[in-house]
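For reference, the chains in residue letters:
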Amino acid sequence: MKIAPSILSADFANLKNDVEMTTQAGAEYLHIDIMDGHFVPNLSFGEPILRAIRPYSKQVFDCHLMVDNPEEYIAILADAGADVLGVHYEATPHIHRVLQQIKEAGCEAEVVINPGTPVTVLEDLLEMVDAVLIMTVNPGFGGQKFLPSMLSKIQALNQIKNDRKLSFDIEVDGGINSETIKQCQQAGATIAVAGSFVFNSTDPIEKIQLLHKVTGD
Ligand code: DX5
Ligand code: ZN
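Cut-offs applied
Residues numbered from 1 in each chain as written. Chains lettered and ligands numbered in written order. Predicted model: local features only at pLDDT ≥ 70, side-chain atom pairs only at ≥ 80, totals over all residues. Buried ≥ 20, exposed ≤ 12 C-beta atoms within 10 Å, placed from the backbone. Helix = DSSP H or I, 4+ residues; strand = E, 2+ residues; numbered from the N terminus. Arc of directions from axis to C-beta. Contact = placed C-beta atoms within 7 Å. Pairing = 2+ DSSP bridges. Axes fitted to C-alpha atoms, helices over the stretch in contact; angles between N-to-C directions. Near = placed C-beta within 6 Å. Nonpolar A, V, L, I, M, F, W, Y, C, P; charged D, E, K, R; others polar. Core = buried A, V, L, I, M, F, W, Y, C linked by C-beta atoms within 7 Å. UniProt positions renumbered as here; feature names shortened; annotations may be inferred.

- Under the annotation held in an unreviewed UniProt entry, the chain carries the name Ribulose-phosphate 3-epimerase and is attributed to Liquorilactobacillus mali KCTC 3596 = DSM 20444.

This is the structure in structure tokens:
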């Protein structure tokens, strides 16, 4: 499984070191949580931070936009070095248009759904996305408890993916640790975000390696 450490839980005073550490540990992705204090009740960081860390990593920069009016940020985040842009279904009445805009900006397009949103709303989008992110906590904060009821949503999405012979990634985000990651993998997830499990540890490299190990990589 591909592992995406979330820098939301990194040491912001030593961000370059933490980013380089995740590369050294073998993490293929870096998860970058952009919050605006409106779509979610928290502020994190934005384009300048993305641009600042880009020279220090060749990882896939996986940007999770927890913002209202996401269409206003696509071009600038693409320019700053985003590889994947994930937009919440709930954040715009024009999700199809925003996903098109992401592709036109040269990035991979990902649609994200909150725990309260069913997979059925994705039906007409699955042919055009590179990935779907199923939130396994309510977005806004690191360190929350994994919601086990999301496993059936991952399974349902994976079933549709197989039935339609599609190849998009299924990403999970929130409360991922060495136990919950296995459950998500069994349900069909292919990318796992991990924030506090990695960075709130005295040995983050060992934690990233553990997540790879328990998922068979
Ligand atoms: C929450 C963010 C997550 C967060 C995950 O809104 O989208 O990416 O960093 O943190 P943990 O792994 O601690 O649940
Ligand atoms: Zn996230």
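Once the structure has been displayed, the description carries forward.
## A look at helix H6 (residues 180–187)
Here is step 1: Every buried residue of H6 is listed here: Thr180, Ile181 and Cys184. Relative to the axis of H6, the buried residues are bounded by an arc of 100° and lie together on one face.
Here is step 2: Against the buried residues of H6 lie helix H5 (151–163), strand E7 (169–173), strand E8 (191–194) and helix H8 (204–214).
Here is step 3: Of the residues trailing H6, Gly188 is marked for its positive phi of about 125°.

## Structural notes on the sheet that holds strand E3 (residues 60–66)
Sheets are built from strands that pair by backbone hydrogen bonding, the pairs being arranged parallel or antiparallel.
Here is step 1: Ordered by their spatial adjacency, eight strands build an open sheet running E1-E8-E7-E6-E5-E4-E3-E2, and the pairing between neighbours is parallel. Of all the strands in the sheet, just strand E1 (2–5) and strand E2 (29–35) have a single pairing partner and so form its edges. Across the sheet, the mean angle separating the axes of adjacent strands is 25° when strand polarity is ignored.
Here is step 2: Pairing of strand E4 (residues 84–88) with strand E5 (residues 108–113), which is carried by five bridges, proceeds in the parallel orientation. Looking across to E5, one finds that Leu85 is bridged to Ala109.
Here is step 3: Seen against the sheet, helix H4 (residues 95–104) touches E4 and E5 and runs at an angle of roughly 150° to E5.

## Structural notes on the site of ligand 1
Here is step 1: Around ligand 1 there are 22 residues in total, and Ser6, Pro139, Gly142, Gly195 and Ser196 lie nearest to it.
Here is step 2: If you list the elements that add at least two residues to the shell around ligand 1, you get E2, E8 and helix H7 (196–199).
Here is step 3: Among the residues forming the shell around ligand 1, the class breakdown is eight nonpolar, 12 polar and two charged.

## Some points on the nonpolar core
The nonpolar side chains of soluble globular proteins are, as a tendency, buried together.
Here is step 1: Grouped together as the largest cluster of nonpolar side chains are 67 residues, with contacts concentrated most on Cys63, Ala82, Leu85, Val87, Ile134, Ile154 and Ala192.
Here is step 2: The biggest single contributor to this core is E2, with five residues.
Here is step 3: Ignoring sequence-local partners within four residues, the contact set of Val87 consists of Leu65, Pro70, Thr92, Ile95, Val98, Leu99, Val111 and Val112.

## Thoughts on the UniProt feature "active site" (unreviewed entry) in the chain
Here is step 1: In the numbering adopted here, UniProt assigns the feature "active site" (unreviewed entry) to Asp33 and Asp173. Across 141 residues of sequence, these annotated residues stay compact in space, with a maximum C-alpha separation of 10.6 Å.
Here is step 2: Mapped onto the elements, Asp33 comes out in strand E2.
Here is step 3: Setting aside residues no more than four positions away along its own chain, Asp33 makes contact with Ser6, Leu8, Ser44, His64 and Met66.
Here is step 4: Summarising the element assignment, Asp173 is placed in strand E7.
Here is step 5: For Asp173, the residues in contact, after removing those within four places along its chain, are His64, Leu133, Met135, Thr136 and Val193.

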